[in-house]
Amino acid sequence: MAERCAVIGVGQTHHKAKRDDVSIAGLVREAAKMALADADLTWSDIDAVVIGKAPDMFEGNMMPEIYLAPALGAVGKPMFRVHTAGSVGGSTALVAAHLVSSGIHKRVLTVAYEKQSDSDAMWALSVPQPFAAPLLAGAGGYFAPHIRAYMRRSGAPDYIGRMVAVKDRKNAMRNPYAHLHLADIDMKMVEDSMMLWDPLRYLEACPSSDGAAAMVLAAEDAVSGNYPPAWVHGMAMRSEPTMFAGRDQINPQAGRDCSADVYRQAGVTNPREQFDCAEVYVPFSWYEPMWLENLGFCDLGDGWKLTESGATAFDGDIPWNASGGVLSSNPIGASGMLRFLEVAMQVRGQAGEHQVDGAKLALGQAYGGGSQFFSMWVVGSAKP
Amino acid sequence: MADETTDQGPVTTLATPIRLDFDFTPGVAQSKFLRGLERGEFHGQRCSVCGKVYVPSRGSCPTDGVPTTEDVLLGNAGTVTTYCVVNVPFAGQSIEIPYICAQILLDGANLSFMGLLQEIPTDQIRMGMRVEAVWVDESDLTPSLASVRYFRPNGEPDADYDTYKEYL
Ligand SMILES: [Zn+2]
């Protein structure tokens, strides 16, 4: 990286099933204003705005960045739109970070959102096409067979998914912005919830949320704000085709390549030991053990053992999704940025009740589409 | 005088159905696949570099970046590599729930595709199950996957895990 880049402000909405008190413009503005206040800046200090969301078909607003420019103070400034399906929040942050690290801009506002109550994601993800049977049943229908394949390949017992579902919802109780606050969550409650896409139950899937996330990224000589900056130590994106012979859908090559790149940049050779925590895109419970393996936190086939041992719990040696993660809040377009934002909060020491003690180096990961888009960054409290 | 419109508060949400009509141009490779379906056959293509057979073929091998030119006629039988049972209703759904959505690897193909599995209770489906395509009546065949009514067990013993584990 040519210039050092840091997160100097973060903001997020209270994620909810239905934010009918605001329009989409009001939603993104709410998160952006918080991020500016955290950075101790005003709209006029921002050089450019980078915005991302999941497919436009969801809310039916095509190219919404055009309509949102005034709400984000972007009139007369460069404004970029990013779109990489569910990983978009992460990719959006990376595009913004590149604008800083390349020396083009000093301060960039980056925002991501979804207003699921204005949309029908299940329908938008299940549009019939002439060369495919009309079988698609949302994201759950796509991922459930791959989860079954992971269970078969690894020999994981069936309760591992329920453990993740409980762990992340318990973490969410510490996060005031989380959508789900299920005080009574336990294994029995998950097991008793409706089977939606066998083997996936209702409480092993993410909710549908309205919400937005925003960050202000700055060059080293433009750092300001209420908390110490979170320095970007590495960033990478990778993608692969959704369908090719020999594709490993459980452990995608693009994810392995992306983490190898970001670890190399950040000097990470042992992720479990060197990271203090991680925020990883886990929209369905089983993606925790699957991504533990894909991200090299353990050997192949051992992801579920790490989950079972409690290592990824809030009091474990490598807490995953201390915020409650995607399983507790899923404003789709913002979900990836929330992973990136939450690890910045951790290394800045501003995560409140879900602060991981002494967090200095952390990994944020997002994935999207049919596990074909990956984006990751490593942030730290020390300068790279 | 009371104003009825203001008494009801602001409008917060307005449902406006949207639709998207589009022409789909399948191109040479997918046309072969779709024309095959019109005759009640599965047609794929083999990559000249890696030898893998794609069905449906998009006309090139994503791994090797070369056009796939050798046409391959596949049989009617295959193996369920993995599956899920869909039990969630949603707008526009055309199949009665619960239904089995299976990844089916046709014999001789190197890539599975999603297929509907019927004529078996949803709690009896297994990974490795051998299945066959059931086609619509000859007069109803069209260049579309709608020509395949569904897949059903063909009675053969389950395939060994080792024979399809590379396709998960
Ligand atoms: Zn090839």
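Anyway, here's the lowdown on the structure attached to this text. In this text, all values refer to a predicted model and were calculated from it rather than measured experimentally.

Consecutive side chains along a regular strand alternate between the two faces of the sheet. All names here are of chain A. The buried count for strand β8 (residues 230–239) comes to 7 of 10 residues, which makes it a mostly enclosed element. Here 2 bridges tie strand β1 (residues 5–12) to β8, and the two strands are oriented antiparallel to one another. Along β8, the bridge assignment pairs Ala6 with Trp231. Pairing of β8 with strand β11 (residues 373–380) involves 8 bridges; the strand directions are antiparallel. Within the sheet, the bridge partner assigned to Ser239 lies in β11 and is Phe373.

Quick look at helix α12 (residues 332–348) of chain A now. All names here are of chain A. With 17 residues, α12 should reach 24 Å at 1.5 Å per residue; the first-to-last C-alpha distance of 25 Å fits that figure. At Leu338, α12 shows its largest bend, some 30°. In terms of burial, α12 is largely enclosed, as 17 of its 17 residues are buried. Where α12 terminates, the next one or two residues include Gly349, which has phi positive at roughly 75°.

What follows covers the coordination of the zinc ion. All names here are of chain B. Protein coordination of the zinc ion is provided by Cys47 (SG), Cys50 (SG), Cys61 (SG) and Asp64 (OD), with donor distances spanning 1.9 to 2.4 Å. Taken together, the 4 donor atoms surrounding the zinc ion define angles of 103 to 115° at the centre, an arrangement classified as tetrahedral. Going along the chain, you hit the donors of the zinc ion in the pattern C-x2-C-x10-C-x2-D. A residue pair is termed long-range when its members are at least 10 positions apart, and Cys47 in the loop between β1 (42–46) and β2 (53–54) and Cys61 in strand β3 (residues 60–61) qualify at 14 residues. Given a relative accessible area of 1%, Cys61 falls into the buried group.

Another aspect to go through is the nonpolar core. The biggest cluster of nonpolar side chains holds 141 residues, and the ones touching the most others in it are A:Trp197, A:Met215, A:Phe297, A:Leu363, A:Trp377, B:Phe42 and B:Phe151. Residues contacting A:Met215, with those up to four places away along its chain left out, are A:Val7, A:Gly9, A:Val10, A:Ala35, A:Ala93, A:Val108, A:Leu109, A:Thr110, A:Met337, A:Phe340, A:Leu341 and A:Trp377. Formed by 30 residues, the second largest nonpolar core is a distinct cluster that contains A:Val22, A:Ala31, A:Ala32 and A:Ala39.

Glancing now at the side chain of A:Asn294. Residues and elements named next belong to chain A. Structurally, the position occupied by Asn294 is in helix α10 (residues 287–294). With relative accessibility at 2%, the residue Asn294 sits in the buried group. A distance of 3.0 Å separates a polar atom in the side chain of Asn294 from the backbone oxygen of Pro252. Once residues within four sequence positions are removed from consideration, Asn294 is found in contact with Asn251, Pro252, Gly255, Arg256, Ser259 and Phe374.

Attention now moves to the packing of aromatic side chains. Residue and element names in this part refer to chain A. This structure, assessed with the given rule, holds 21 aromatic pairs over all chains. Taken together, a centroid distance of 5.7 Å and an interplanar angle of 55° make the contact between Tyr263 and Phe275 tilted. Placement of the pair is Tyr263 in helix α8 (residues 253–266) and Phe275 in the loop between α9 (271–274) and β9 (277–280), with a sequence separation of 12 residues. With respect to class, Tyr263 is no different from Phe275; both count as buried. Ring geometry for Tyr367 and Phe374: centres 6.3 Å apart, planes at 25°, overall stacked.

All names here are of chain A. With respect to the secondary-structure elements, Gly211 resides in strand β7 (residues 210–219). Its relative accessible area of 0% is what places Gly211 among the buried residues. Between the C-alpha atom of Gly211 and that of Gly301, which follows or precedes it by 90 residues, the distance is 35 Å. For Gly211, the residues in contact, after removing those within four places along its chain, are Thr13, His15, Leu27, Ala112, Tyr113, Glu114, Pro331 and Ala334.

Looking now at the interface of chain A and chain B. Listed by partner, the interface residues are 38 residues for chain A and 38 residues for chain B. In total, about 3500 Å² of surface goes out of reach between chain A and chain B, with carbon and sulfur atoms giving 67% of it. Joining chain A to chain B, the criterion identifies 0 salt bridges. Across the contact surface, chain A and chain B share 7 residue pairs in polar contact (both at pLDDT 80 or more). Those elements that provide at least two residues to the side of chain A that touches chain B are α4 (121–124), α5 (138–154) and β5 (195–198) of chain A. No other element matches the 8 residues that α5(A) contributes to the side of chain A that touches chain B. Taken together, the residues that form the side of chain A that touches chain B break down as 24 nonpolar, 5 polar and 9 charged. Examined bridge by bridge, β5(A) and strand β6 (residues 77–86) of chain B share 2 bridges and lie antiparallel to one another. Paired with A:Trp197 across the strands is B:Val86, a residue of β6(B).

Turning our attention to the packing of α5(A) against α10(A). Residue and element names in this part refer to chain A. Two numbers describe how α5 lies on α10: the axes approach to 10 Å, and their chain directions differ by 65°. Classified by the interaxial angle, the pair formed by α5 and α10 is roughly perpendicular. Of the two elements, α5 crosses α10, and the hand of that crossing is left-handed. Every residue of α10 that contacts α5 at Phe143, His146, Ile147 and Tyr150 is listed here: Tyr287, Pro289, Met290 and Glu293. Here the contact of α5 with α10 is built from residues that sort into 6 nonpolar, 1 polar and 1 charged.

So, on to the sheet that holds strand β10 (residues 361–368) of chain A. All names here are of chain A. Read from one edge of the open sheet, 9 strands run β3-β2-β4-β7-β1-β8-β11-β10-β9, paired in mixed fashion. Here the strands that pair on one side only, and so sit at the sheet edges, are β3 (79–82) and β9. Direction aside, the axes of adjacent strands within the sheet are offset by 25° on average. Where strand β2 (residues 48–53) meets β3, 4 bridges bridge the pair, whose relative direction is parallel. Bridged to Gly52 within β3 is Val82. Across the face of the sheet, α8 comes into contact with β8, β10 and β11 while running at roughly 155° to β8.

Residues and elements named next belong to chain A. With 14 residues, α8 should cover 20 Å at 1.5 Å per step; its first-to-last C-alpha distance of 20 Å lies within 8% of that length. Inspection of α8 places Ala254, Gly255, Cys258, Ser259, Asp261, Val262, Tyr263 and Ala266 among the buried residues, and these make up the whole buried set. Residues of α8 that are buried in the fold lie against β8, α9, α10, β10 and β11. With its phi angle positive at about 70°, Gly267 sits one or two positions after the end of α8.

Criteria and cut-off values
Residues numbered from 1 in each chain as written. Chains lettered and ligands numbered in written order. Predicted model: local features only at pLDDT ≥ 70, side-chain atom pairs only at ≥ 80, totals over all residues. Heavy atoms only, no water. Buried < 20%, exposed > 50% of the residue type's maximum accessible area, 1.4 Å probe, protein only. Helix = DSSP H or I, 4+ residues; strand = E, 2+ residues; numbered from the N terminus. Pairing = 2+ DSSP bridges. Expected span 1.5 Å × (residues − 1). Bend = angle between axes of the 7 residues up to and from the residue. Donors = N, O, S within 2.8 Å, 3.2 Å for Na, K, Ca; no water. Tetrahedral: all angles 85-135°; square planar, octahedral: opposite > 155°, others 65-115°. Core = buried A, V, L, I, M, F, W, Y, C linked by side-chain atoms within 4.5 Å. Contact = heavy atoms within 4.5 Å. Polar contact = N/O pair within 3.5 Å; in protein donor to acceptor, adjacent residues only side chain to side chain. Phe/Tyr/Trp six-rings, centres within 6.5 Å; stacked < 30°, edge-to-face > 60°. Buried area = accessible area lost by both parts, 1.4 Å probe. Salt bridge = Lys/Arg side-chain N within 4 Å of Asp/Glu carboxyl O. Nonpolar A, V, L, I, M, F, W, Y, C, P; charged D, E, K, R; others polar. Axes fitted to C-alpha atoms, helices over the stretch in contact; angles between N-to-C directions. Parallel < 35°, antiparallel > 145°, perpendicular 65-115°, else oblique. Left-handed = near helix turned anticlockwise from the far one by under 90°.

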